[in-house]
Amino acid sequence: MCALPSPRAQRPPACTRTSKNSCALLASRYNGSCSNDFGRLLASNLKILRNIILKDDTEFIKVWSKTSKSLISYESGRIYFDNYRCCYSSLLPEPELLYELPRTPKTEKIEDALLCQCPLENVLPNASEQKSCLLTLTANNWLYLLSADTGETLQRVYLSSRFKFRSLGWDSSQETFYVKSVQCKQTALERQAGVDNNILMRVAAFQVFPLQLVGMLEINKKVFGKTAVDVLLSQGVLAVSHSSKLVRLYSFEYIVNEFRTEELILGQQCELNNARGIVGDAPYGVPVNICIYECPPVLFEMTYFENGVQIGGHPWHYIYTPNHKRHRGTHHVCSITDGALAKNGVQDMKCDSLEVDWIFFHPDDSGRIIHAGPSTINILKIMAETGCDWKYEIITDFSITAARDSNASQVIVTSSGRTVKRRFQMLDDDPAQETFRMVKYEDELDLLAVVDITHAEDEGQARLRLHDNKTGALMKRVPLEEPWDVTYSHEVYFDRDTIIHTVQEKNNSFCCHVYKMKRPASDQP
């Protein structure tokens, strides 16, 4: 085996370049004069793409549309139709079909799916495991691992012949996921016999790359409480929700270490719970190997009024609405360490609108909070109070406001020409005013994508606004051609040089519209 010359000897690192011209940087890549650090190279390329997108003469042109009778999904350059049966790539100038799975009866349809991106930090034994894949859960309790590019079945796991599994979710993104069953209901025979069914549901946890079973557990009401109604896994925490608007958090690592009776390996023989079979094969499935016989220590618990509890920020805080009617419409930001309410921690937009405001932790890992309403989007920061490191306050980093004409909203002109002042206040999301409908974050370009709606000739007109993520400055507006009917559901995705708009139409069908970045003809090679 011959030794390759050092990359540093072949080309200079990115940090030695002084040119800021986009064309010069692209030319240097063509000639191979680029960084020996792939992360720097990618970041530099994305910076160039951002600069091109934000130029005044760059447009987004609709290049493709397709209808569907079922919900349309999009993730990472792939558009899924017909319950994930058909997959199109949106990375090309026009979307093209990647694969189409055979039609199946309703008893075998795909119920839910997760896209798994290939790991970059380590090399796996099998080449097939190094590529992106699609995890799908079917109606007959099979978990499939499909190639994201061809749809080929790489692996499959049978879950259970007794419990109906219906949903997938990430515990830790691209590392561990869980499969959750529907809630167990008491059967007619159990009711006649007077037998109480205390099992709420089953949850199976897996690692990806390679696919490995962590364990299967039952959520027992005798252990977690009779009011338990739902459960999820997130960031190593088992969260149990109760009908009394209470949520309790438990360490999933503690549960696995304390209550796992046996480590199971997919495809191997197993004898557990008085039954024998191959783990992950039909009809044996995946047996319960995490038996929780007593309540684990509670890490955190909170009662809430609506919308549950969100945890995030730097340092750790949580957002919730206290369980009392007087707090309706407010969001309280508290420290997870001691539950103390942050200074200015009660966020209340006082929206007079049909649609409520929404709040969430910023997905850019800055620890900030996004609080959005019909006319205002506030980006909030969690800061330590001056001279007091253990107390925190919420300050506004920047705000984005919709264009409003206060005079036009309060004054109307009658057919006879008289000017009349309204006796009632217009709603914040009134169709006659510019209204925010959606806020997304494009992490690779570091842009906030905001959808605003205005009305002209009784039709809603949507625009995608691109704002700088650090300052909130408006960088660009992109009009969408399709009318925006607020009575139907919409989703807008902004991914590098592509905009995807999925919309539910009046005949209960769905349509996907794809826009691509286009430069003036004089700039085309």
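Residues numbered from 1 in each chain as written. Predicted model: local features only at pLDDT ≥ 70, side-chain atom pairs only at ≥ 80, totals over all residues. Heavy atoms only, no water.

Going by the annotation in an unreviewed UniProt entry, the name recorded for the protein is DDB1- and CUL4-associated factor 17 isoform X2, with Danio rerio given as the source organism.

Student: Which parts of the structure should I look at to understand the layout of surface pockets?
Tutor: By rolling a water-sized probe across the atoms, one finds the places where empty space is left. Approximately 740 Å³ is the volume found for the second largest pocket. Around the second largest pocket sit 29 residues that line it, and Asp82, Arg85, Pro102, Arg103 and Thr104 are the ones nearest its centre. Breaking the lining of the second largest pocket down by element, the ones donating at least two residues are strand 1 (59-68), strand 4 (86-89), strand 5 (96-100), strand 7 (133-138) and strand 8 (142-147). The dominant element in the lining of the second largest pocket, judged by the number of residues it contributes, is strand 1, at three residues. For the lining of the second largest pocket, a count of residues per class yields ten nonpolar, ten polar and nine charged. (1 Å grid on protein atoms, 1.4 Å probe; cavity = no way out; pocket = protein on both sides within 12 Å on 5 of 7 lines; lining within 4 Å. Points joined across faces, edges and corners; volume = space filled by probe spheres on them. Helix = DSSP H or I, 4+ residues; strand = E, 2+ residues; numbered from the N terminus. Nonpolar A, V, L, I, M, F, W, Y, C, P; charged D, E, K, R; others polar.)

Student: So what exactly am I meant to see when it comes to the nonpolar core here?
Tutor: Side chains of a nonpolar character, in soluble globular proteins, are inclined to be buried together. Core analysis: the largest hydrophobic core is formed by 31 residues, its most contacted members being Leu135, Leu143, Leu159, Phe177, Val179 and Phe206. Contributing elements (two or more residues each) for this core: strand 6 (110-116), strand 7, strand 8, strand 10 (165-172), strand 11 (176-181), strand 12 (199-207), strand 13 (212-220) and strand 17 (269-272). Those residues within four positions of Leu135 in sequence are excluded, and the remaining contacts are Asp112, Ala113, Leu114, Cys116, Leu143, Tyr144, Leu145, Leu168, Phe177 and Val208. Of all hydrophobic cores here, the second largest spans 22 residues; its members include Ala205, Val223, Val240 and Ile292. (Core = buried A, V, L, I, M, F, W, Y, C linked by side-chain atoms within 4.5 Å. Buried < 20%, exposed > 50% of the residue type's maximum accessible area, 1.4 Å probe, protein only. Contact = heavy atoms within 4.5 Å.)

Student: Can you help me understand the sheet that holds strand 30 (residues 435-442) in this one?
Tutor: Strands belonging to one sheet form pairs held by backbone hydrogen bonds; the direction of such a pair is parallel or antiparallel. Ordered by their spatial adjacency, four strands build an open sheet running 30-31-32-33, and the pairing between neighbours is antiparallel. Each edge of the open sheet carries a strand with a single partner, namely strand 30 and strand 33 (474-483). Across this sheet, the average inter-strand angle for adjacent strands is 25 degrees, counted without regard to direction. Strand direction decides the pairing type here: strand 32 (residues 459-468) and strand 33, joined by six bridges, are antiparallel. Bridging from a neighbouring strand, His467 pairs with Leu474 of strand 33. (Pairing = 2+ DSSP bridges. Axes fitted to C-alpha atoms, helices over the stretch in contact; angles between N-to-C directions.)

Student: How should the state of the cysteines be read in this particular structure?
Tutor: Covalent bonding between the sulfur atoms of two cysteines is what defines a disulfide. The tally for this structure, following the rule as stated, stands at zero disulfides. Its sulfur unpaired, Cys87 is 9.0 Å from the next cysteine sulfur, which belongs to Cys86. This cysteine, Cys116, is not joined by any disulfide, and Cys133 carries the nearest cysteine sulfur, 4.2 Å off. Here Cys116 falls in the buried class, since its relative accessible area comes to 0%. (Disulfide = S-S within 2.5 Å.)

Student: I tried to follow the sheet that holds strand 6 on my own but got confused; where do I start?
Tutor: The sheet built from four strands is open, its strands ordered 6-7-8-9 with antiparallel pairing. Looking at strand neighbours, the two that pair on one side only are strand 6 and strand 9 (153-158), the edges of this open sheet. Neighbouring strand axes in the sheet, compared pairwise and without regard to direction, differ in orientation by 20 degrees on average. In this structure, strand 8 lies alongside strand 9, joined through five bridges in antiparallel fashion. Within strand 9, the position partnered with Leu145 by the bridge is Gln155.

Student: What is the right way to read the packing of aromatic side chains from this model?
Tutor: Two aromatic rings are characterised by how far apart their centres lie and by the angle between their planes. The full count for this structure, using the stated rule, is 15 aromatic pairs. With 6.3 Å between their ring centres and 75 degrees between their planes, Phe60 and Phe494 make a pair best called edge-to-face. Of this pair, Phe60 sits in strand 1 while Phe494 sits in strand 34 (residues 490-495), and the two are 434 residues apart along the sequence. Since its relative accessible area comes to 8%, Phe60 is described here as buried. Residue classification places Phe494 among the buried residues on the basis of a relative accessible area of 10%. For the ring pair Tyr254 and Phe259, a centre distance of 6.4 Å and an interplane angle of 75 degrees mean the geometry is edge-to-face. The partly exposed category is assigned to Tyr254, whose relative accessible area is 32%. Using a relative accessible area of 3% as the deciding quantity, one classes Phe259 as buried. Aromatic rings pair up to connect Trp64, Phe81 and Tyr88 into one cluster. Its end group placed over the ring of Phe81, Lys66 keeps NZ or CZ at 5.5 Å from the ring centre. (Phe/Tyr/Trp six-rings, centres within 6.5 Å; stacked < 30°, edge-to-face > 60°. Lys NZ or Arg CZ within 6 Å of the ring centre and 35° of its normal.)

Student: Explanation requested: the side chain of Ser160 in the structure shown.
Tutor: Tracing the backbone shows Ser160 in the loop between strand 9 and strand 10. Judged by relative accessible area, which is 5%, Ser160 ranks as buried. Leaving out residues up to four positions away in the same chain, Ser160 has contacts with Asn141, Phe165, Arg202 and Gly285.

Student: Would you mind showing me how to read the pattern of salt bridges here?
Tutor: Close approach of charged atoms allows side chains with opposite charge to pair. Summed over all chains, the structure comprises 24 salt bridges. A salt bridge links Asp82 to Arg85, with the nearest nitrogen and oxygen atoms 2.6 Å apart. Residues participating in the shared-partner salt-bridge network are Asp82, Arg85, Glu100 and Arg103. (Salt bridge = Lys/Arg side-chain N within 4 Å of Asp/Glu carboxyl O.)

Student: Could you clarify how one ought to interpret the environment of Cys334 in this entry?
Tutor: Mapped onto the elements of the fold, Cys334 is located in strand 22 (residues 331-335). For Cys334, a relative accessible area of 3% corresponds to the buried category. In the structure, Cys334 is positioned 17 residues away from His317 in sequence and 5.4 Å away in space, judged by C-alpha atoms. Those residues in contact with Cys334 that lie beyond four places of it in its chain are His317, Tyr318, Tyr320, Gly339, Ala340, Leu341 and Ala342.

Student: What exactly am I supposed to notice about the side chain of Asn378 here?
Tutor: Relative to the elements of secondary structure, Asn378 occurs in strand 26 (residues 376-385). A polar side-chain atom of Asn378 sits 2.6 Å from a polar atom in the side chain of Ser399. The contact partners of Asn378, leaving out residues within four places of it in the chain, are Met349, Ile369, Ile370, His371, Phe398 and Ser399. (Polar contact = N/O pair within 3.5 Å; in protein donor to acceptor, adjacent residues only side chain to side chain.)

Student: Please clarify how the pairing of strand 18 (residues 275-278) should be interpreted in this entry.
Tutor: Looking along a regular strand, one sees the side chains alternate between the two faces of the sheet. Sheet topology note: the strand 17/strand 18 ladder contains four bridges and is antiparallel. In the sheet register, Glu271 faces strand 18, and the bridge partner there is Arg276. Linkage of strand 17 to strand 18, two consecutive antiparallel strands, is achieved through a turn of two residues, within which Asn273 is found at a positive phi near 55 degrees.

Student: What is the right way to look at the environment of Glu271 in this model?
Tutor: Assignment of secondary structure puts Glu271 in strand 17. For the pair formed by Glu271 and Pro287, sequence separation is 16 residues and the distance between their alpha carbons is 9.2 Å. With residues up to four places along the chain from it excluded, the contact list for Glu271 reads Glu262, Arg276 and Tyr284. Here Arg276 takes part through its side chain, which lies 2.9 Å from a polar atom of the side chain of Glu271.

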